[in-house]
Structure formats: structure tokens, C-alpha cells
Amino acid sequence: MVRRVLLLSLFVNLFLGSDAMADSPYTYNDLEHDLVLLQAKYPAKIIYASIGETNYGRQIYALRIGHGKKTILLSGAHHGREWMTSMLLIKMAAVYAANLEKDPMLERGAIWIVPMVNPDGVSIQQGDYSGIPWQDRMALWKMNRYSLSFTRWKANGKGVDLNRQYPAGWKEMKTGVNRPSYQFYKGTSPISEPETKALARFTESIKPAISAAYHSTGQEIFWHYQTSGQQKERDYRLAKAVADSTGYRLSKPDKNAVGSGFTDWLIHEFKFPAMTIEIGKERENTEVPLHEFEAEWESNREVGWLLLEEAIRSGQK
Ligand SMILES: [Zn+2]
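Rules behind the numbers
- Residues numbered from 1 in each chain as written.
- Predicted model: local features only at pLDDT ≥ 70, side-chain atom pairs only at ≥ 80, totals over all residues.
- Helix = DSSP H or I, 4+ residues; strand = E, 2+ residues; numbered from the N terminus.
- Rg over C-alpha atoms; globule rule 2.2 N^0.38 Å.
- Buried ≥ 20, exposed ≤ 12 C-beta atoms within 10 Å, placed from the backbone.
- Contact = placed C-beta atoms within 7 Å.
- Axes fitted to C-alpha atoms, helices over the stretch in contact; angles between N-to-C directions.
- Parallel < 35°, antiparallel > 145°, perpendicular 65-115°, else oblique.
- Nonpolar A, V, L, I, M, F, W, Y, C, P; charged D, E, K, R; others polar.
- Pairing = 2+ DSSP bridges.
- Left-handed = near helix turned anticlockwise from the far one by under 90°.

**A look at the overall build of the protein**
Link 1 in the chain: Across its full length, the protein holds 12 helices and 8 strands.
Link 2 in the chain: In summary, the protein has a C-alpha radius of gyration of 19 Å against a globular reference of 20 Å for 317 residues, a match within 12%.
Link 3 in the chain: Dimensions of the protein along its principal axes, counting C-alpha atoms only, are 55 × 50 × 35 Å.
Link 4 in the chain: Looking at the protein as a whole, 49% of its 317 residues qualify as buried.
Link 5 in the chain: Within the protein, residue pairs in contact and separated by at least 24 positions form 78% of the contacts whose partners lie at least 6 positions apart.

**So, the environment of Tyr 225**
Link 1 in the chain: As for its position among the elements, Tyr 225 is in the loop between β6 (220–222) and α9 (229–246).
Link 2 in the chain: For Tyr 225, the contacting residues outside a window of four places in its chain are Ala 168, Ala 257, Gly 259, Asp 264, Ile 267 and His 268.

**Focus: the environment of Ala 110**
Link 1 in the chain: By the secondary structure assignment, Ala 110 is in strand β4 (residues 109–114).
Link 2 in the chain: Ala 110 gets classed as buried once you count the C-beta atoms within 10 Å, which come to 23.
Link 3 in the chain: Residues Ala 110 and His 67 lie 43 residues apart in sequence; the distance between their C-alpha atoms is 5.2 Å.

**Focus on the packing of helix α3 (residues 28–41) against helix α4 (residues 84–97)**
Link 1 in the chain: Contact geometry of α3 with α4 gives a least axis separation of 11 Å together with a crossing angle of 10 degrees. Judged on the interaxial angle alone, α4 and α3 are roughly parallel. Between α3 and α4, the residues in contact are Leu 31, Asp 34 and Leu 38 and Ser 86, Ile 90, Ala 93, Ala 94 and Ala 97, respectively.
Link 2 in the chain: Residue composition of the contact of α3 with α4, by class: 6 nonpolar, 1 polar and 1 charged.

**Considering the environment of Gly 66**
Link 1 in the chain: With respect to the secondary-structure elements, Gly 66 resides in the loop between β2 (59–65) and β3 (70–75).
Link 2 in the chain: Through-space distance from the C-alpha of Gly 66 to that of Ala 49 is 15 Å; in sequence the pair is 17 residues apart.
Link 3 in the chain: Apart from the residues within four sequence positions on either side, Gly 66 is in contact with Lys 45, Leu 106, Gly 109, Ala 110 and Ile 111.

**Looking at the sheet that holds β6**
Link 1 in the chain: Taken in spatial order, the 8 strands make up an open sheet running β1-β2-β4-β3-β5-β8-β6-β7, and their pairing is mixed. Looking at which strands have only one partner, the edges of the open sheet turn out to be β1 (46–53) and β7 (249–250).
Link 2 in the chain: By the bridge criterion, 3 bridges tie β6 to strand β8 (residues 274–279) in an arrangement that is antiparallel. Across the sheet, residue Glu 220 finds its bridge partner in β8, namely Glu 278.
Link 3 in the chain: In this fold α4 packs onto β1, β2, β3, β4, β5 (210–216) and β8, with an angle of close to 135 degrees to the strand it touches most, β5.
Link 4 in the chain: Together, β1, β2, β3 and β4 form the strand contacts of helix α8 (residues 194–206), whose direction differs from that of β1 by roughly 135 degrees.

**Quick notes on unusual backbone geometry**
Link 1 in the chain: With an omega dihedral of 10 degrees, the bond running from Ser 216 to Thr 217 counts as a cis peptide bond.
Link 2 in the chain: Phi is positive for Lys 207, close to 45 degrees, though the residue is something other than glycine.
Link 3 in the chain: When you line up the elements, Lys 207 lands in the loop between α8 and β5.

**Comments concerning helix α10 (residues 262–270)**
Link 1 in the chain: Listing the buried residues of α10 in full gives Phe 262, Thr 263, Asp 264, Trp 265, Leu 266 and Ile 267.
Link 2 in the chain: Those residues of α10 that are buried are in contact with α8, β5, β6 and β8.

**Focus: the pairing of β2**
Link 1 in the chain: β2 sits mainly inside the fold: 5 of its 7 residues count as buried.
Link 2 in the chain: Bridge count for β1 against β2 is 7 bridges, and the pairing is antiparallel. Across the sheet, Tyr 48 pairs through a bridge with Leu 63, a residue of β2.
Link 3 in the chain: For β2 and β4, the ladder comprises 3 bridges, and the chain directions are antiparallel. By the bridge assignment for β4, Leu 63 is matched with Ile 113.

**Comments concerning the packing of α4 against helix α11 (residues 293–300)**
Link 1 in the chain: Packing of α4 against α11 brings their axes to within 10 Å, and their N-to-C directions diverge by 55 degrees. When the axis of α4 is compared with that of α11, the two are oblique. When the axes of α4 and α11 are compared, the crossing they make is right-handed. For the pair α4 and α11, contact is made by Met 84, Met 87, Leu 88 and Lys 91 and by Phe 293, Glu 296, Trp 297 and Asn 300, respectively.
Link 2 in the chain: Per-class residue counts for the contact of α4 with α11 are 5 nonpolar, 1 polar and 2 charged.

In C-alpha cells form, the structure reads like this:
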């Protein structure tokens, strides 16, 4: 047992997220590298594929751990500056795939992870403009209000905020931003972007029982959108369990919740439990610093298991 744990931590530290464990941000290249390694290491447990392509030719990846019928969907980095959520989800995949005790759960259910919904946005936020023609780089600079620091970048490569893109409440949504920008621009119509199209289509095809969308910051869980009655009670119970497990606080139900986010859409349209989990200490307009990663990982290490267990249990009713 001790030997296995040692080997696992060696593997995780040496190979998976090796850059992530060091002192540099988790990049799209790190993600591609880790996906190859994960599949090679756990060919019977993990598969991955591209579910779409961004405006600048990057792939939007999904990976699956386990092969049971009941599935949950975890997603990360809808927003460029929130790449730590990708790092966290890949670490979760590595640790879960190595966990022999919980193997039976991976026979009965499966965890789908879309670790980086917005790889163009992540790359821009990290100062990687490769694949972007110079005219478009000028446009990005303008969308960034002529600042050369892109650390606050949330949008995709075309200046659309991908979590203001979903149909539930989109029309009513007033963000105060009516042109492409580093944040808050909702686009010309719902699900107009390649990233949101890919994720929406994918979600409809896998029909998850539960979804958690990872964002930052605030150590808070959002779990309701105009919900009431039994749906609200059910979703509250699950969100409460996640809050107890992570130590994060639960958002208060709000009748005037803004909407147009991925979680809002799932709750509203499909009526299964969905939540948004905000990692990292509250902080405005930038990434979560790397020194917070280990603590955030520890807070979230059981979340996938907890949601999968609930999905399997609810499927038996
Ligand atoms: Zn976000």
C-alpha cells in the first residue's frame, strides 16, 4: 500500500503536471502532454478525444475515467485566467485513475472531464499568441483596453465571455459590455462560439447525471438558478455535501440570479443537479497564484468521487 502511494506520488510529481507542480502556469501544451501520459499509463481506464476546435486551431479535449453507465461531467477553464481549474481536474484524473480501492465505482459509472474549455483564452492570458495573425493580435490589444498585461483575460480568442453564452437568461443579460472585450461580452447570440457549441453538443450527447463547472475565485459554490420545490431541495442537498467536503461556502438562493452561464443552462434546461465551484481565495481580475494550488487540490480531492457516487445512487432509484 505504502509502496503504491509512493509510486503514485512520484508519478504525479515527475510526469503529470510536472510544470504545474513547479512555478509556472498550466498551459495548453501541458494539458496535451498530460493527456498522452495519462492514457498511456491507464489505457484500460482513461480515454480522451477532441470535441471541437477553437478559432485559432486548438483542440477542446474531453477525457473519460471509467466506463460505467452513469456519468458526471466536470469542466474547467471556461475563462482564460482560470487555468488552475484545468490543473486541478487533470490532477484529479491522475489520482482517481490510480485509486484501486474505488475501482468498482469506475465500473458502474464514469467521470467525463473537459479540463480546458477555452484553450485560446488560457494561452492569451499566459502571453502565448502563437497561431494568432498580427491583425488579430492588434484586435486583442484593443479588447484588452490597450493594456499589454493580459493576466485579467477571461474571454475566448474573439473577445466573447464563454460563460455569458448559454441560453438560460441570455436575452435579458445586461453585462454593460456590447463589443468584444477581455471579459463580459456575451456575443451576438447564445452558443455562437466554437467552444460553447462543442461543450453544449457534447453535454447533450453524454447526458450526464450531474455537472460541476470549475471556475475561480472565491471558494464558493453556486448551485441554483430559478429553481424551486423538489429540484431546489435535491440540488441544495448535493451542493451542501460538496460544501462540507471542500470547506467552501454555499451561495444564497437569489431570484435575480444573472444567468447565461453553463450551470444556469443545465439547471434550467435539463433539470439535473449542476453547480459552479469557485476555487481560490477571493481575488479580482487575475489568476489564482500557484502557491494556493495544493490547498485547493486538497479541498477538492473528493468532489469527483462524491458526485459520481451520488449519480450511481440516483440511477438505482
Ligand atoms: Zn470563471
